[in-house]
Amino acid sequence: LVMFLLHQSFVWHSIYTCISTIVPIYFQLLFSLPAPLKYSYVYQIQQRSWGDKVVEWLTVELHADKEWVYAYLQPGYGINPMAFLVSCSTTLLLLGGVKESKMITDIFTWIKVALVLFMAIGGLLLLDTNNLQPFMPPELNGWNGIMRGATTSFFGYLGYDGICCVAGEAINPTVNLPKAVMYTLIIVTALYVVAALALTGMQNYTEISVESGFPEAFASRGVMWAAQLTAAGEVITLPIVVLISGVLQPRLQYALARDGLLPHMFCEVTPAGNLRKGTIVAGTIMTFIATFVPFEYLDDFVSAGILVAFSITNSSLVIMRRESPENTPFYLEKLLLLFNGLSFLSAVVSVHGPRNIVGKFLAFCFIVATAAVGFWISWSCPSSAVFGGKSITMGNHKRDNGNQQYFQTPFVPLIPCLGTFINWFLIAQLDFLGIFLLLCYFSLATMFYFHYGAKNSFGNNIGWDYPGDLGLSEDNEEGNNHAPSATCIENK
């Protein structure tokens, strides 16, 4: 909990927005790709989880015929028909418009919060301290097991960063967006921790149901009405997570397409302000994955991608707030590259190195070297006079004129560097298969870039200093497209 709060609570930029201002176009695509992994995976796991909860609710609480339920709702072969149903429904809802989706989201969010509060408070009232012993189960093999589990389930802690994907639709985002991120993080963290404590206090950890934790825990304590209420509440409110993930993915595609890294159809906006084509494509792909691909094959893969993306985001924030010395260009960037490399080596040696005195000494040396580089960045690289400093490479990204008020991350570069180190430490906990799949994913992205992105990138064709907002003019808004192929067509 402390590490998660430290390493992400103040990183308020979306991944793509942050890196797109300071790195070459190829790396913009490469480092932004873990974000769609995250949204697709969260979309998929919540859909399949909802399908499992529906089956559990029908068979346990409503006493439906198990043979019929399993035959039609769990036919086997990894197929999940209920995930298909909820995915199609949310995609159709999103196609109806953002305002309609927002209203439904607000209603279900308050119901969801009320449900979690009920489960947490009810669980604490029924808490048996004997169930909390041992507080660190022996099966975890100490802190290594805790870190391994935290890394694999890292995606479950995400969501607040998704606020950044809809920043363009927010009122006064420079003030409200950072507050929304931090308030969301604080509220979700508090609810998550209290609910987890309540659940493990109601029922021994070895007996907790994977599909229906709180309903089964309430039933084990004889409070059947609470079990039925929470079971129904989970089935009713869980699709809201699917809906939110569906909102975010098309907006990330919009940002990539706006810069020419995806086909321009992904940033076409309807007169009502909807990303219709992007929503259809994203919804179709995520529906297919959720229906046919069990999520246990993807957990380490996605967690590794997300952690890499967050490390890049943290490094980008340092570049936006600090500058290389006057006579040493790219000095800061080289130091950050060295810091990331040492962080990774420190993590690998600490986790997988020998447990004897030599291994411990080697790990200590790497950690000291990493800390030294971090402090050297703070000492040798001065603060930027304006946000972004000399690092802004894109003409459409406006510099701060020194008068604009915006949220400033405190203790830079300490917090971003600490977050980067923790991210690499968590990555080192993962199985080799997950990291290998991530490398394959990046390889496919590289092939796509050189086949499509390099030829259609706005920066490669026109340059980021081209006047106007990515070449979007009144002419091409009306359909007379005189701008390069990388631009978006907005029908206003």
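Let me sum up the structure you'll find in this document. (Residues numbered from 1 in each chain as written. Predicted model: local features only at pLDDT ≥ 70, side-chain atom pairs only at ≥ 80, totals over all residues. Heavy atoms only, no water.)

### Points about the packing of helix α11 (residues 224-237) against helix α12 (residues 239-258)
With their axes 5 Å apart at the nearest point, α11 and α12 run at an angle of 20° to one another. What the angle tells us is that α11 and α12 run roughly parallel. For the pair formed by α11 and α12, the contact residues are Val-235, Ile-236 and Thr-237 on the first element and Pro-239, Ile-240 and Val-241 on the second. (Axes fitted to C-alpha atoms, helices over the stretch in contact; angles between N-to-C directions. Helix = DSSP H or I, 4+ residues; strand = E, 2+ residues; numbered from the N terminus. Parallel < 35°, antiparallel > 145°, perpendicular 65-115°, else oblique. Contact = heavy atoms within 4.5 Å.)

### Let's talk about the environment of Ile-240
Inspection of the secondary structure puts Ile-240 in helix α12. C-alpha separation for the pair Ile-240 and Thr-90, spaced 150 residues apart in sequence, amounts to 8.7 Å. Setting aside its immediate chain neighbours within four residues, Ile-240 contacts Ile-104, Thr-105, Phe-108 and Thr-109.

### What to know about the packing of aromatic side chains
A full pass over the atoms with the stated rule returns 10 aromatic pairs. Geometrically, the ring pair formed by Trp-68 and Tyr-72 is tilted, given 5.3 Å between the ring centres and 40° between the ring planes. Linking Trp-68 with Tyr-72, this pair stays in helix α5 (residues 66-73), spanning four residues, or about one helical turn. A relative accessible area of 47% means that Trp-68 is categorised as partly exposed. (Phe/Tyr/Trp six-rings, centres within 6.5 Å; stacked < 30°, edge-to-face > 60°. Buried < 20%, exposed > 50% of the residue type's maximum accessible area, 1.4 Å probe, protein only.)

### Here's the deal with unusual backbone geometry
Residues Gln-133 and Pro-134 are joined by a peptide bond in cis, for which omega reads -5°. Looking along the chain, the bond that leaves Val-412 and enters Pro-413 is cis, with omega of 15°. Locating Pro-413 in the fold gives a position in the loop between α16 (357-380) and α17 (414-427). Positioned with a positive phi, His-63 is a non-glycine residue whose angle comes to about 55°. Within the element layout of this structure, His-63 appears in the loop between α4 (34-61) and α5.

### So, the environment of Glu-207
On the secondary structure map, Glu-207 appears in the loop between α9 (173-202) and α10 (213-220). Under the relative-accessibility criterion, Glu-207 is labelled exposed at 53%. Spatially, the C-alpha atom of Glu-207 lies 9.7 Å from that of Ser-220, the residues being 13 residues apart in sequence.

### Section: helix α15 (residues 331-352)
In this model, α15 (22 residues) spans 31 Å end to end at C-alpha, consistent with the 32 Å of a helix rising 1.5 Å per residue. Those residues of α15 that fall on the buried side of the exposure criterion are Leu-332, Leu-335, Leu-336, Phe-339, Asn-340, Leu-342, Ser-343, Ser-346, Ala-347, Val-349 and Val-351. On its buried face, α15 sits against α14 (299-321), α16 and α17. (Expected span 1.5 Å × (residues − 1).)

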